[in-house]
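# Fold and geometry: a report
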Amino acid sequence: MTQYFFYFLSFLAIFFAALVVLSKNPVHSVLYLILCFFSIAGHYILLNAQFLAAVHIIVYAGAIMVLFLFVLMLMNLNRDSEPPKSWQGKVAATLAAGLLLLVFTASIKGADALPSGNQPDNTVGLLTNLGKTLYNDFMLPFEVSSILFLVAMVGAVMIGKREEVSE
Amino acid sequence: MNQVLTAAPLSHYVLLSSILFSIGVLGVLFRRNAIIIFMCIELMLNAVNLLLAAFSVHHSDPSGQVFVFFIMAVAAAEVAVGLAILIMIYRNTGSINIETLSNIRH
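To start, this report covers the structure provided alongside it. (Residues numbered from 1 in each chain as written. Chains lettered and ligands numbered in written order. Predicted model: local features only at pLDDT ≥ 70, side-chain atom pairs only at ≥ 80, totals over all residues. Heavy atoms only, no water.)

### Remarks on the overall build of chain B
Broken down by element type, chain B carries three helices and zero strands. Ordered by position in the sequence, the α and β elements of chain B form the string α-α-α. Each of the three principal axes of chain B carries a C-alpha extent, and together these read 60 × 25 × 20 Å. Counting over 106 residues, chain B shows a buried share of 60%. The long-range share in chain B, meaning contacts at least 24 apart out of those at least 6 apart in sequence, stands at 57%. Of the accessible surface of chain B, which amounts to about 3900 Å², a share of 69% is contributed by carbon and sulfur atoms. In chain B, 4 side chains carry a positive charge and 4 a negative one; their mean positions are 18 Å apart. (Helix = DSSP H or I, 4+ residues; strand = E, 2+ residues; numbered from the N terminus. Buried < 20%, exposed > 50% of the residue type's maximum accessible area, 1.4 Å probe, protein only. Contact = heavy atoms within 4.5 Å. Areas by Shrake-Rupley, 256 points an atom, 1.4 Å probe, with all protein chains shown as cover. Lys, Arg positive; Asp, Glu negative; His and termini not counted. Charge placed at Lys NZ, Arg CZ, Asp CG, Glu CD.)

Rendered as structure tokens:
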């Protein structure tokens, strides 16, 4: 049963990701990306990583994509304002991405034979285990990321502010 | 073999993440709208996140999922600063087409 869910969600994720790139209207791209993120959240649930699924939906669909949509509306770009690209550019982009995919698929042939280092444990993605790891082994990166957020917040405000000097 | 990955073998997760990452690369090379390029970068980050989570479950090691958590935090900060820069560019040049931004190098 879960196999079918996996392939269904994979199909949805790839389909919506392709639509993000191919749709003309930027607002449609944002909405397709939100759907793609929801199918990735379904993958997290299949992996028994409930905490990641919840955080993924809250952070990406709830915060980041709303920010994207807000900026698109602010710039009034919700129409096709993109000049058509030359066919050489399209062919080159498709070739480059396809070759990258070829390299990836050629390099994963032995992935199934990878040994799993630890005892099999189904509860690894639950909040208890993640919290213990986060606050014991990753205490310093956790604190540093709070400083990163502070710097990013100040930077975003500074960059987004209008300059009075030049006016 | 452990039975932790119940849905699909590990190689299928690697294949799915590779396809999603390649679609992100394709979008970065294909589109000219800077916001859509940003969204494709988010898509690539998510492909890597999914792969990290799959390997974390495969190894029964929670560190990988903690790293996914950190990547999400850094992505949120990156989007905030990047969109502020894009708004600044739009305010100064009236466009977010990356072709018009190539005069930055002069």
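The discussion continues.
### With respect to the interface of chain A and chain B
Quoted interface sizes are often the accessible area lost when the parts come together. Chain A puts 86 residues into the contact, and the matching count from chain B is 76 residues. The contact between chain A and chain B buries some 7200 Å² in all, and 75% of this surface belongs to carbon and sulfur atoms. Across the contact surface, chain A and chain B share zero salt bridges. On the surface where chain A and chain B come into contact, there are six residue pairs in polar contact (both at pLDDT 80 or more). When residues of the side of chain A that touches chain B are traced back to their parent elements, those giving at least two are α1 (2-22), α2 (26-46), α3 (50-75), α4 (87-106), α5 (127-136) and α6 (139-160) of chain A. Broken down by element, the residue count for the side of chain A that touches chain B peaks at 14 residues, all from α3(A). The residue makeup of the side of chain A that touches chain B, split by class, is 57 nonpolar, 20 polar and nine charged. (Buried area = accessible area lost by both parts, 1.4 Å probe. Salt bridge = Lys/Arg side-chain N within 4 Å of Asp/Glu carboxyl O. Polar contact = N/O pair within 3.5 Å; in protein donor to acceptor, adjacent residues only side chain to side chain. Nonpolar A, V, L, I, M, F, W, Y, C, P; charged D, E, K, R; others polar.)

### Observations regarding the side chain of Glu42(B)
With respect to the secondary-structure elements, Glu42(B) resides in helix α2 (residues 34-59). With no salt bridge to any partner, buried Glu42(B) finds its closest opposite charge in Arg31(B), at an N-O distance of 16 Å. Sequence-distant contacts of Glu42(B), defined by excluding residues within four places in its chain, comprise Phe37(A), Tyr60(A), Ile64(A), Phe68(A), Ala75(B), Glu78(B) and Val79(B).

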